[in-house]
Amino acid sequence: MKKIMIDVRERDEYAAEHIAGSLNLPLTELHTLSAMTPLLKSCEVVLICRSGSRATMAKEHFDGASLQSAVYAGGILAWKSGGNPTQRQAKTRVSLFRQVQIIVGAIVTLLSLGAFFGDRSFALGAAAIGSGLIFAGVSGICMLANVLKRFPWNKVSRA
């Protein structure tokens with residue numbers, strides 16, 4: 001049975017560093033899994049991410065599609081600490097996921113400070129941001145990430 005390693009990190013994370021021969025299918029794009037089901041039924045699939053959390057979530061999708069899969073415990077961090085090689089891009093950038101965290105954190109902090117030191121209506125803005133995070137978590141659709149993907153520094157070359 002053929003072994004396939006699927007990296008479920010976002011495309012920019014994968015482009016920055018990945019295991020040679022692995023395929024990239026981001027967790028946020030697992031809705032396309034059904035198109036790959038016939039191919040994957042005849043394979044032994046190993047799921048990997050940075051530390052193992054997203055790969056564990058991806059395994060639930062694979063289980064739901066009746067596909068056999070296993071999670072590489074500890075992710076690419078464990079892979080590298082075991083002395084295994086990776087392919088790295090010379091120039092790395094801040095991942096899209098981290099960009100979202102930085103921006104949302106800054107906005108919530110500013111809104112909270114505005115509510116504490118000024119007008120309490122700033123708290124409504126913080127609540128709106130929190131609602132957006134809940135929506136992103138439940139639906140898998142992050143509007144801020146979709147906007148940030150369009151900026152030039154987040155374009156991943158397909159070369």
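In the block above lies the structure referred to throughout.
A few points on the structure. (Residues numbered from 1 in each chain as written. Predicted model: local features only at pLDDT ≥ 70, side-chain atom pairs only at ≥ 80, totals over all residues. Heavy atoms only, no water.)

1. Describing the overall build of the protein chain
Here's step 1: Each helix and strand counted, the protein chain has seven helices and six strands in total.
Here's step 2: When the helices and strands of the protein chain are placed in sequence order, the string is β-α-β-β-α-β-α-β-α-β-α-α-α.
Here's step 3: For the protein chain, the spread of C-alpha atoms along the three principal axes comes to 65 × 35 × 30 Å.
Here's step 4: Put simply, 61% of the contacts in the protein chain that link residues at least 6 apart link residues at least 24 apart.
Here's step 5: Element-wise, carbon and sulfur atoms account for 64% of the exposed surface of the protein chain, whose accessible area totals about 9,800 Å². (Helix = DSSP H or I, 4+ residues; strand = E, 2+ residues; numbered from the N terminus. Contact = heavy atoms within 4.5 Å. Areas by Shrake-Rupley, 256 points an atom, 1.4 Å probe, with all protein chains shown as cover.)

2. A word on the environment of Phe-62
Here's step 1: Along the chain, Phe-62 turns up in helix α3 (residues 53-64).
Here's step 2: Counting along the chain gives 59 residues from Phe-62 to Ser-121, while the straight-line C-alpha distance between them is 44 Å.
Here's step 3: In this structure, Phe-62 is in contact with Ile-6, Leu-30, Leu-33, Leu-40, Val-45, Leu-47, Leu-67 and Ser-69, ignoring residues within four places of it in sequence.

3. A word on the environment of Leu-77
Here's step 1: Topologically, Leu-77 is positioned in helix α4 (residues 75-81).
Here's step 2: Separated by 22 residues in the primary sequence, Leu-77 and Ala-55 place their C-alpha atoms 13 Å from one another.
Here's step 3: Sequence-distant contacts of Leu-77, that is, excluding residues within four places in its chain, are made with Arg-50 and Ser-51.

4. Re the packing of aromatic side chains
Here's step 1: What the rule picks out here adds up to three aromatic pairs.
Here's step 2: Geometrically, the ring pair formed by Tyr-72 and Trp-79 is edge-to-face, given 5.6 Å between the ring centres and 65° between the ring planes.
Here's step 3: Residue Tyr-72 is classed as partly exposed on the basis of its relative accessible area, which comes to 25%.
Here's step 4: Using a relative accessible area of 17% as the deciding quantity, one classes Trp-79 as buried.
Here's step 5: Aromatic pair Phe-116 and Phe-117: ring centres 4.8 Å apart, planes at 85°, arrangement edge-to-face. (Phe/Tyr/Trp six-rings, centres within 6.5 Å; stacked < 30°, edge-to-face > 60°. Buried < 20%, exposed > 50% of the residue type's maximum accessible area, 1.4 Å probe, protein only.)

5. Thoughts on the packing of helix α5 (residues 96-117) against helix α6 (residues 122-139)
Packed helix pairs are specified by the crossing angle of their axes together with the interaxial distance, meaning the distance between the axes.
Here's step 1: Relative orientation of the contacting elements α5 and α6 amounts to 155°, with a least axis distance of 7 Å. Classified by the angle between their axes, α5 and α6 sit roughly antiparallel to one another. For the element pair α5 and α6, the recorded crossing hand is left-handed. On α6, the residues touching Val-104, Ile-107, Val-108, Leu-111, Gly-114 and Ala-115 of α5 are Phe-122, Ala-123, Gly-125, Ala-126, Ile-129 and Leu-133.
Here's step 2: When the residues that make up the contact of α5 with α6 are grouped by side-chain class, the tally is ten nonpolar, two polar and no charged. (Axes fitted to C-alpha atoms, helices over the stretch in contact; angles between N-to-C directions. Parallel < 35°, antiparallel > 145°, perpendicular 65-115°, else oblique. Left-handed = near helix turned anticlockwise from the far one by under 90°. Nonpolar A, V, L, I, M, F, W, Y, C, P; charged D, E, K, R; others polar.)

6. Quick look at unusual backbone geometry
Here's step 1: Residue Ser-66 is not a glycine yet carries a positive backbone phi of 55°.
Here's step 2: One can find Ser-66 in the loop between α3 and β5 (69-71).
Here's step 3: Accessibility expressed as a relative area gives 53% for Ser-66, which makes it exposed.

7. Topic: the pattern of salt bridges
Here's step 1: Evaluated as defined, the whole model comprises seven salt bridges.
Here's step 2: Note that Arg-54 and Glu-13 form a salt bridge whose closest N and O atoms lie 2.8 Å from each other. One end of the pair, Arg-54, is in helix α3; the other, Glu-13, is in helix α1 (residues 11-16), and 41 residues separate them in sequence.
Here's step 3: Through salt bridges with shared partners, a single ionic network connects Glu-17, Lys-80 and Arg-88. (Salt bridge = Lys/Arg side-chain N within 4 Å of Asp/Glu carboxyl O.)

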